[in-house]
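Listed below, chain by chain, are the residues.
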Amino acid sequence: MFIDRAIIEVRSGKGGNGRIAFRRERSRPKGGPSGGNGGHGGNVFLRCSSKVGTLVNFKHSKTFIALDGENGDIKDMYGRAAPDIYVDLPIGTVVFLEENHQFVCDLDEEGKTVLICKGGRGGRGNAAFKSNRNKTPKIAENGLPGEKKRLILELKLLADVGIIGFPSVGKSTFINLVSNVKAEIGDYDFTTIVPNLGVAYLKDGSSFVLADMPGLIKGAHLGKGLGLMFLRHIERTKVLIHMVDMSGIRDPYEAYCDIRNELKEYGMHLIDRPEVIVASKMDEDGAVERLNKFKKQVKKEVIPISCLTNDNLDLVLYKCKDLLETAITYPVYEEKDEEVVYNAKEESEQIFYIEKEKEHTFVIKGERVLRTYSLINISTDEGMMRLITYLNKIGVDAELKKMNAQDGDIVKIADFEFEYFE
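Quick caveat, the model's predicted, so the values are computed rather than measured.

A.B. asks: How do you make sense of the overall build of the protein when you look at a structure like this?
C.D. replies: Along the protein, the regular secondary structure elements total 9 helices and 18 strands. Per-residue burial over the protein gives 47% buried out of 422 residues. Residue pairs at least 24 apart in sequence account for 71% of intrachain contacts in the protein once pairs closer than 6 positions are excluded. Of the roughly 22300 Å² of accessible surface on the protein, a fraction of 49% belongs to carbon and sulfur atoms.

A.B. asks: I'm lost on the pairing of strand 8 (residues 148-155) in this one. Help?
C.D. replies: Looking along a regular strand, one sees the side chains alternate between the two faces of the sheet. Here strand 1 (residues 5-11) runs beside strand 8; their pairing, made up of 7 bridges, is antiparallel. Pairing of Ile8 across the sheet is with Leu151, part of strand 8. As paired elements, strand 5 (residues 93-97) and strand 8 share 5 bridges and run antiparallel to each other. The residue of strand 8 that forms the bridge with Phe96 is Ile152.

A.B. asks: Would you take a moment to explain the pattern of salt bridges for this structure?
C.D. replies: Pairing between side chains of opposite charge can happen when their charged atoms approach one another. Here the structure, examined in full by the defined rule, presents 19 salt bridges. Between Lys281 and Asp245 there is a salt bridge, and its shortest N-O distance comes to 3.8 Å. Of this pair, Lys281 sits in the loop between strand 13 (275-280) and helix 4 (287-298) while Asp245 is found in strand 12 (residues 239-245), placing the two residues 36 residues apart along the sequence. Lys281 gets classed as partly exposed once you look at its relative accessible area, which sits at 23%. For Asp245, a relative accessible area of 4% gives the class buried. One connected set of salt bridges, linked through shared partners, spans Glu9, Arg11, Glu98 and Arg150.

A.B. asks: Please clarify how helix 7 (residues 367-375) should be interpreted in this entry.
C.D. replies: Since one α-helical turn is 3.6 residues long, residues separated by three or four positions face the same way. By the burial criterion, the buried members of helix 7 are Val369, Tyr373, Ser374 and Leu375. Of the surrounding elements, those touching the buried residues of helix 7 are strand 16 (361-365), helix 8 (381-393), strand 17 (410-413) and strand 18 (416-419).

A.B. asks: Would you explain helix 1 (residues 171-178) in this entry?
C.D. replies: Across the 8 residues that make up helix 1, a large majority, 6, are buried. Regarding helix 1, the residues found buried are Lys171, Ser172, Phe174, Ile175, Asn176 and Val178. For helix 1, the secondary structure elements touched by its buried residues are strand 9 (161-164), strand 10 (196-201), strand 11 (207-212), strand 12 and helix 5 (313-326).

A.B. asks: What exactly am I supposed to notice about the packing of aromatic side chains here?
C.D. replies: Any pair of aromatic rings gets described here by the distance separating the centres and the angle formed by the planes. A complete count under the given rule lists 5 aromatic pairs for this structure. Relative to Phe294, the ring of Tyr256 lies with its centre 5.9 Å away and its plane at 75°, an arrangement referred to as edge-to-face. Of this pair, Tyr256 sits in helix 3 (residues 252-266) while Phe294 sits in helix 4, and the two are 38 residues apart along the sequence. Since its relative accessible area comes to 5%, Tyr256 is described here as buried. Of the residues examined, Phe294 reaches a relative accessible area of 0% and is grouped as buried.

A.B. asks: Honestly, the environment of Ile20 in this entry has me stumped. Any pointers?
C.D. replies: Among the secondary structure elements, Ile20 is positioned in the loop between strand 1 and strand 2 (44-48). Note on Ile20: relative accessible area 27%, which makes it partly exposed.

A.B. asks: Honestly, the environment of Ile116 in this entry has me stumped. Any pointers?
C.D. replies: With respect to the helices and strands, Ile116 occurs in strand 7 (residues 113-117). On the accessibility criterion, Ile116 (4% relative accessible area) is buried. In this structure the C-alpha to C-alpha distance between Ile116 and Arg11, which are 105 residues apart in sequence, comes to 9.1 Å.

A.B. asks: Is there a simple way to think about the sheet that holds strand 8 in this case?
C.D. replies: For sheets, the rule is that strands pair by backbone hydrogen bonds, running either parallel or antiparallel. The mixed open sheet is built from 5 strands, whose spatial order is 3-1-8-5-6. Of all strands in the sheet, those bounded by a partner on one side alone are strand 3 (63-65) and strand 6 (103-107). The mean inter-strand angle of the sheet, taken between neighbouring strand axes irrespective of direction, is 25°. Note: strand 5 against strand 6, 4 bridges, orientation antiparallel. Within strand 6, the position partnered with Val94 by the bridge is Asp106.

A.B. asks: Whenever I open this one, the nonpolar core confuses me. Can you help?
C.D. replies: Grouped together as the largest cluster of nonpolar side chains are 38 residues, with contacts concentrated most on Phe174, Phe208, Leu210, Ile241, Ile305 and Val316. For this core, the secondary structure elements donating two or more residues are strand 9, helix 1, strand 11, strand 12, helix 3, strand 13 and helix 5. Residue contributions to this core peak at 6 residues, all from helix 5. What Ile241 contacts, discounting residues up to four positions off in sequence, is Val161, Gly162, Ile163, Ile164, Phe174, Leu210, Val276, Val278, Val316 and Cys320. In this structure, Phe64, Ala66, Leu151 and Leu157 belong to the second largest nonpolar core, which totals 23 residues.

A.B. asks: So what exactly am I meant to see when it comes to unusual backbone geometry here?
C.D. replies: What is expected of a backbone is that most residues other than glycine have negative phi and most peptide bonds are trans. Even without being a glycine, Lys299 presents a positive backbone phi close to 55°. Mapped onto the fold, Lys299 is located in the loop between helix 4 and strand 14 (302-304). In the Ramachandran plot, Asn312 falls in the positive-phi region, its phi being about 65° despite a non-glycine side chain. When you line up the elements, Asn312 lands in the loop between strand 14 and helix 5.

A.B. asks: For this particular structure, what's the right way to read the sheet that holds strand 16?
C.D. replies: Overall, mixed pairing links the 4 strands, which are arranged 15-16-17-18 in an open sheet. Whereas interior strands pair on both sides, the edge strands pair on one side only; in this sheet they are strand 15 (353-358) and strand 18. Neighbour-to-neighbour, the strand axes of the sheet open up by a mean angle of 25°, direction not taken into account. Taken together, the 5 bridges between strand 15 and strand 16 define a ladder with antiparallel strand orientation. Paired with Lys358 across the strands is Thr361, a residue of strand 16.

Criteria and thresholds
- Residues numbered from 1 in each chain as written.
- Predicted model: local features only at pLDDT ≥ 70, side-chain atom pairs only at ≥ 80, totals over all residues.
- Heavy atoms only, no water.
- Helix = DSSP H or I, 4+ residues; strand = E, 2+ residues; numbered from the N terminus.
- Buried < 20%, exposed > 50% of the residue type's maximum accessible area, 1.4 Å probe, protein only.
- Contact = heavy atoms within 4.5 Å.
- Areas by Shrake-Rupley, 256 points an atom, 1.4 Å probe, with all protein chains shown as cover.
- Pairing = 2+ DSSP bridges.
- Salt bridge = Lys/Arg side-chain N within 4 Å of Asp/Glu carboxyl O.
- Phe/Tyr/Trp six-rings, centres within 6.5 Å; stacked < 30°, edge-to-face > 60°.
- Axes fitted to C-alpha atoms, helices over the stretch in contact; angles between N-to-C directions.
- Core = buried A, V, L, I, M, F, W, Y, C linked by side-chain atoms within 4.5 Å.

In structure tokens, the structure reads:
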């Protein structure tokens, strides 16, 4: 089964919590703090692999979760770091974030590996907080949470040349004759419902990868027929073979213009790719007359072929070879999909912000403040004091005063809430 689009969820592991512990040994009556650090949570990587042909494996297995790091232990023992997990994807897979369709990566080379979700750092145990001023710290850090992302996977076949045209113009017959593909052939529209990929070998010993695309129709860029499902595969190609039927079923020039318009409307520079215009089914009655008229209308070079007599098949292949030598490789994502570059200085200026959820209830929000909160272990008195000190230091108390918070109002941060008193 050929599956070329899937949505998966990936989650990295949480870091292990640091331990609060003290040594109690006969030989060391004042052993001091001995709580170890937590282990690092497992990372999630996407890996490009030739062993995977389609995205069919992700039709049912849609969630990939790395393990959490182990908690720190007594006697300064660190928690075990969780193993990383690797999600193998076919060569040619392009990855986007589901929430905003932001481009993430293009897995176009064997073995290419991308860190998609970073595991949380392990929290420090109380041994790490020992100092000359505090020799018996009773505080430790929690491990940082892992990341969670939903991804859109789109497989875009790696082919040098793509064959396009209306249904039943002879694309599958052509690729069967010039490559090792055995594509299904039938006298009905949409015989080809999945792309066929093959290698065309030329008589001079050179070769290139050829892809037979399912037939396009007018409105394909809007999803009509099989358009949107397979137009994406043409994005990888450098050269297009535009096959036009000369049997008289439809007007050749109108058919040519309709397909060119679909390429233009779809975008992704498809209209800019060099094309080899091929007039197919030249063995049909009246094909020569229709070809002559078509040449005058299109005003471009047209190569007539017949898959019945194998006329000019090599000429088409050598024309593609010549164009490939100077063809441009276009990116498989639009400029608007590129990664967003933000100003780190601007982000650092706002550590937190407060929203009034309802009367007498305030919520502290902000990526940085929530990150620091997740590190603090508030199960001990010292941990609670550390949180309060941190919130006062960054100006939470002053901001609450500006918002006219009253004694007894509820203040929330993540899953923790407390009463405000001036």
